[in-house]
Amino acid sequence: MVMDAHIPEGPIATKWDNHKFDVKLVNPANKRRFTIIVVGSGLGGASAAASLAELGYRVELHTFHDSPRRAHSIAAQGGINAAKNYHNDGDSVYRLFYDTVKGGDYRAREANVYRLAQVSVDIIDQCVAQGVPFAREYGGLLDNRSFGGAQVSRTFYARGQTGQQLLLGAYQALANQIHLGNVELHHRSEMLDLVTKDGKAVGIVARNLMTGAVTSHSAHAVVLATGGYGNVFFLSTNAKASNVTAIWRAYKKGAYMANPCYTQIHPTCIPASDEFQSKLTLMSESLRNDGRIWVPTDAMDTRSPDQIPDEDRDYFLERRYPAFGNLVPRDVASRAAKREVDAGRGVGPLKNGVYLDFADAINRLGRHVIEERYGNLFQMYERITGEDPYVVPMRIYPAVHYTMGGLWVDYDLMSNVPGLYVLGEANFSDHGANRLGASALMQGLADGYFVLPATIGNYLAPQLGEQPVPTDDAVFIEAQQGVEAMTQQLLGVNGTRSVDYFHRELGKIMWDNCGMARSRESLEKAIGEIATLREEFWNDVRVLGEGDTFNQSLEKAGRVADFLEFGELLCRDALHREESCGGHFRVEHQTEDGEALRDDEHFAYVAAWEFTGDHANPGLHKEQLEFEYVHLAQRSYK
Amino acid sequence: MTKVDEAPKARLEKPAHPVPKEARTRPFIVEFYGSAIAKKWLMAITGIMLMGFVFAHMVGNLKVYLGADDLNHYGEWLREMGEPIFPRTVLLWIMRIGLIGAFAVHIVSAAQLTRMNRKARPDKYESPRDYAAANFASRTMRWTGVIVGLFVIFHLLDLTWGATGADWTRGEVYENLVASFQRVPVAIVYILANIALGIHLYHGGWSMFQSLGWNNRKFNDWRRLFAIGFAAIIVVGNVSIPLLVVTGVVD
Amino acid sequence: MKVTLTVWRQAGPAAQGRFETYELDEVSEDMSFLELFDVLNERLIAKGEEPVAFDHDCREGICGSCSMMIDGRPHGPELGTATCQLHMRKFADGAKITVEPWRAGAFPLVRDLVVDRSAFDRIVESGGYITAPTGSAPDGNLILIPKAVADSAMDAAACIGCGACVAACPNSAANLFTAAKVMHLNLLPQGQPERWERVTNMVDTMEQFFGSCTNHGECEAACPKEISIDFIALMNRDYIKAQFKQRRLASQRG
């Protein structure tokens, strides 16, 4: 089936305005007659819940955290892009649009990206009005920096805690609406199933994590803003609880999963130190503005880094990409580092990193300047590794960071299941095969503040007067029984191995075979191994305790069970995509000098996978991507 | 252990929409006093009044070193203070009433806040705490406060009403003082009580700036120095008198 | 290295709690304190005992989930560090470490080391926002904010809401948390219209749940983001002013 994204007609610059005029509206007085469930309280979920409630809709918000403010958006460090052109350096909506499509390696939907660039300017205004303490110039104006390879300064930031400040802004707007009674907050409440009736999304089943109570919640529409699935690799920069469960269970209820193989590997993370490593910590990409990346030329070089003279160092990014140097996009920088480590030139006790060296910058600018720019990051590095980066170069290595794939959505952010909307990292829409730095925050807030509130009326307006499906309807009872059965099943295996064991094993399979470099052979191997591991999980997992209490093992078990299924789909998608693009690198498809080689003729489409049963292969649907404005070209950062 | 029937969850439910303070019907002062921050503010204000009293009291009493005539003359002046507009002792009584009021507010607020704080942690830590900032003075405010309060009563009985058994004659301040302090146990009580007062002032003299919101990074470091200096002056001045009397330097 | 952990175990809010002692050897110095608990839990599961429940998520010191009282200090001995960023190299080989949950009436215990910190959300809901409905904002650069003011607001806004201040306070007071939330907004020009309502409502809500500040300064020392108690002084001043302010005339300075 060919997917229709319902992209409005007209020139790209006027599509969004035209569409806003065309969508059906719900009369202000009637909005309170609609209930909307929002799952997730990160940038997308919190901003959507707050904005929908401000419009007058009744909103029910579910978060599995103890407070909405703890969603993982909080950990974003670098900044948020907006095409304000405050720096007079030639930025524009069109340039941000162009950079995003190009950075995404031409696998994003043009109309969505253009809209994202358009509303980016409104996001900054909105956040300032909410009191987000963005960095300021001495004259009191907003400060910007260039970020992640962009050649203009369009990134707004709040120290190294931009994600935290933006999330607190959205959370505060949400708190206001909770206070006014427009949003009903369910904290420590995890969505465990999507409920559909006659093909439409009508509610969810959720488990109260404190009491174990499983309850049904009914609404006119369901919004998923549940983040990405990077933890399928076990080690990633995601928070420990980040998971695929909400979108995976929606997938099993009929929503299509799009482009799951697009996973972003972030080049500047602290390498793993031992086998107990539970997660990887990101060091902001902004470090690459002043740090130089190198490895010793001789793999056997055992001298300490400060003893290695320049002629024995290989500044491999500067050598291979003279124009962009250390500032090449994330996927390019990551693969280059992997190549060095694979060749045995890695540094550190486990030889699993490359140096990020600030010695030159410190000599040039003075220690105090570096301290002012990166002080908190250097401190964080020192805490984790016990090494002082002012003296010893940092060691960094790529790690899974962001996932561009997610549930398929149309221009209105509605999935193929009517009434089911998907926002932020949980959808697939705006970043193509690779996301540019400082664009995740932009997308989450664009979706929640500006896109969904404008488009959801189109679905709701015709339903005026209809009551939500009652929670004692057969569809809810069945879904609830399914959830309870799965809980019992997990508790009943009573095997010998912990949930974490399976998660680690899955992560190893995924990272080794479906990480930064993928091949037909490795992917086929991974698919086989995942199936075996999944079987082992259901025969040998040990989940202690009961279902009706606070039980973290049980929570984890459900999530890992889903990862064990989802990982296979990710590999299948990677296997079918016979090209390299952005965060998906197939060793069979590369240029002579080892760069990603796209196949626009055959793969300029979105792969949307349909669930066809537990033991059946998923069905593939395609959304052809048209590039009317940004012309397809090989990315070059030389 | 949290008792089940206390149902701590219930306390976390969303409070009903708070009524804006302006719209509440209770009198302003009751509404104001209802808040812990306002109580602390009042404690700081009354603390300053009491500090002023303690300081003046000490300066006055140091006249003991100038001899009986000077001290007794000062005692008489206190009663005559404000004449002729106030009749004899009236201004003194106004000040005394003000002081009693300040004491009352200071003590009642402290008691109520203590109660609030006890309730705020029904289950104590089961392992020993390792304090990083709280010091001996800050953690013993309640006890040094109680000691000073009891001492004030003793002091009044001793030298204002002559009820502790020493030779006492109204108006003969110097003679009364020397007679009382020559008793070793009484001198020790005075010395210990003033040390407790010093400890109380060490924290209170700094803490009041926080409670009043007098905060400016330019002079924040001086707040601690002020508290140390003030407490030291009071302790040295007040302790010297019983010490020198009991050791026979003053008689 | 080798450590002995003494951990508070309590099956639920109403259950009887107790300390349990566990010996762990082959602990790596590079482990974070939470990874130590991962290892402990793996071991417990292998033995068929229920793992220790503890809150954690981002493990990079920003989400504010972790909440352990380690050897009598919230987040342990290292200043300015959340539990997840505390590494075992800070402990001596053979160390005996005692861990218990935050204790405060407003933070009821859920299980083992997990407490419910919803009271913080109630404080924010009562006024910790600027009413700015989506779409109504003027251009971001129309509001000039001196760099020093933006920096101060950011110092306050850095709060991660972990509750260490309450855990550390001998009175279970939440003044540092509330002051950080109040002053972040009250310092900014955008926060001025609701300034007096905000401080009044947030303080009043805070006092329904928590104890009172007696200026020990313990909160500041425990704060993983090292937020200054100067903000408490500023909040106190705003609160007292707000009580005397004629709000209809509040725009008249002086």
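Residues numbered from 1 in each chain as written. Chains lettered and ligands numbered in written order. Predicted model: local features only at pLDDT ≥ 70, side-chain atom pairs only at ≥ 80, totals over all residues.

A.B. asks: Explain the overall build of chain B to me, using residue names and the numbers behind them.
C.D. replies: In terms of helices and strands, chain B carries 10 helices and zero strands. Written out in order from the N terminus, the α and β elements of chain B read α-α-α-α-α-α-α-α-α-α. For chain B, the C-alpha atoms occupy an extent of roughly 70 × 50 × 45 Å along the three principal directions. Taking all 251 residues of chain B together, 27% fall into the buried category. Partitioning the contacts of chain B with sequence separation of at least 6, the portion at a separation of at least 24 is 70%. (Helix = DSSP H or I, 4+ residues; strand = E, 2+ residues; numbered from the N terminus. Buried ≥ 20, exposed ≤ 12 C-beta atoms within 10 Å, placed from the backbone. Contact = placed C-beta atoms within 7 Å.)

A.B. asks: Can you explain the nonpolar core? Please cite residues and give values.
C.D. replies: A49(A), V223(A), L407(A), C165(C) and V166(C) are the most contacted members of the largest nonpolar core, which has 329 residues in total. Among the elements that make up this core, the one with the highest residue count is helix α11 (residues 440-460) of chain A (13 residues). (Core = buried A, V, L, I, M, F, W, Y, C linked by C-beta atoms within 7 Å.)

A.B. asks: Tell me about the interface of chain A and chain C, and please be specific about residues and values.
C.D. replies: Counting residues at the interface gives 62 residues for chain A, matched by 66 residues for chain C. For the side of chain A that touches chain C, the elements supplying multiple residues, two or more each, are α2 (43-55), α4 (110-130), α5 (162-179), α10 (367-385), α11 and α15 (552-576) of chain A. Sort the elements by how many residues they give to the side of chain A that touches chain C and α5(A) lands first, with nine residues. Of the residues belonging to the side of chain A that touches chain C, the class tally is 25 nonpolar, 23 polar and 14 charged. (Nonpolar A, V, L, I, M, F, W, Y, C, P; charged D, E, K, R; others polar.)

A.B. asks: Could you give an account of the arrangement of the chains, naming the residues involved and the relevant values?
C.D. replies: Most contacts, when the two pairs of chains in contact are compared, are made between chains A and C. A gap remains between chain A and chain B, with no contact made and the closest C-alpha atoms lying 8 Å from each other.

A.B. asks: An account of the environment of V417(A) is requested, with residue identities and associated values reported.
C.D. replies: By the secondary structure assignment, V417(A) is in the loop between β16 (406-407) and β17 (420-422). In this structure the C-alpha to C-alpha distance between V417(A) and G254(A), which are 163 residues apart in sequence, comes to 6.7 Å.

A.B. asks: Give a description of the domain arrangement of chain C that names residues and reports values.
C.D. replies: Residue and element names in this part refer to chain C. Per the domain assignment, the segments of chain C are domain 1 (3-110) and domain 2 (117-249). With centres defined by C-alpha atoms, the gap from domain 1 to domain 2 works out at 30 Å. Counting residues at the interface gives 20 residues for domain 1, matched by 17 residues for domain 2. Its residues assigned to classes, the side of domain 1 that touches domain 2 shows 11 nonpolar, seven polar and two charged. (Domains from an automatic or database assignment.)

A.B. asks: Which residues make up the environment of D89(A), and what values go with them?
C.D. replies: All names here are of chain A. Along the chain, the position of D89 falls in the loop between β3 (80-81) and α3 (93-103). The partly exposed category is assigned to D89, around which 13 C-beta atoms lie within 10 Å. Sequence separation between D89 and Q151 is 62 residues; the distance between their C-alpha atoms is 8.9 Å.

A.B. asks: Tell me what's going on with helix α5 (residues 90-120) of chain B, and back it up with residues and numbers.
C.D. replies: Taking 1.5 Å of rise per residue, 31 residues should cover 45 Å, and α5(B) covers 45 Å from first to last C-alpha, within 8% of that figure. Where α5(B) is concerned, the buried positions are A102(B), H106(B), S109(B), L113(B), N117(B) and A120(B). (Expected span 1.5 Å × (residues − 1).)

A.B. asks: With reference to specific residues and values, describe the sheet that holds strand β4 (residues 73-74) of chain C.
C.D. replies: Residues and elements named next belong to chain C. Pairing in this open sheet of five strands is mixed, and the strands run β2-β1-β5-β3-β4 from one edge to the other. Looking along the sheet, the strands with just one partner apiece sit at the ends: β2 (18-24) and β4. Relative to strand β5 (residues 95-100), strand β1 (residues 3-9) is paired through five bridges, and the arrangement is parallel. Of the residues in β5, the one forming a bridge with T4 is K96. (Pairing = 2+ DSSP bridges.)

A.B. asks: Please set out the sheet that holds strand β6 (residues 189-197) of chain A residue by residue, giving values where relevant.
C.D. replies: Residue and element names in this part refer to chain A. In space, the three strands of this open sheet follow the order β6-β7-β8, with antiparallel pairing throughout. Each edge of the open sheet carries a strand with a single partner, namely β6 and β8 (214-218). Between one strand and the next, the sheet's axes are offset by a mean angle of 25°, whatever the strand orientation. In this structure, β6 lies alongside strand β7 (residues 200-208), joined through eight bridges in antiparallel fashion. In the strand pairing of β7, E190 is matched with R207. Seen against the sheet, helix α12 (residues 474-493) touches β6, β7 and β8 and runs at an angle of roughly 140° to β6. (Axes fitted to C-alpha atoms, helices over the stretch in contact; angles between N-to-C directions.)

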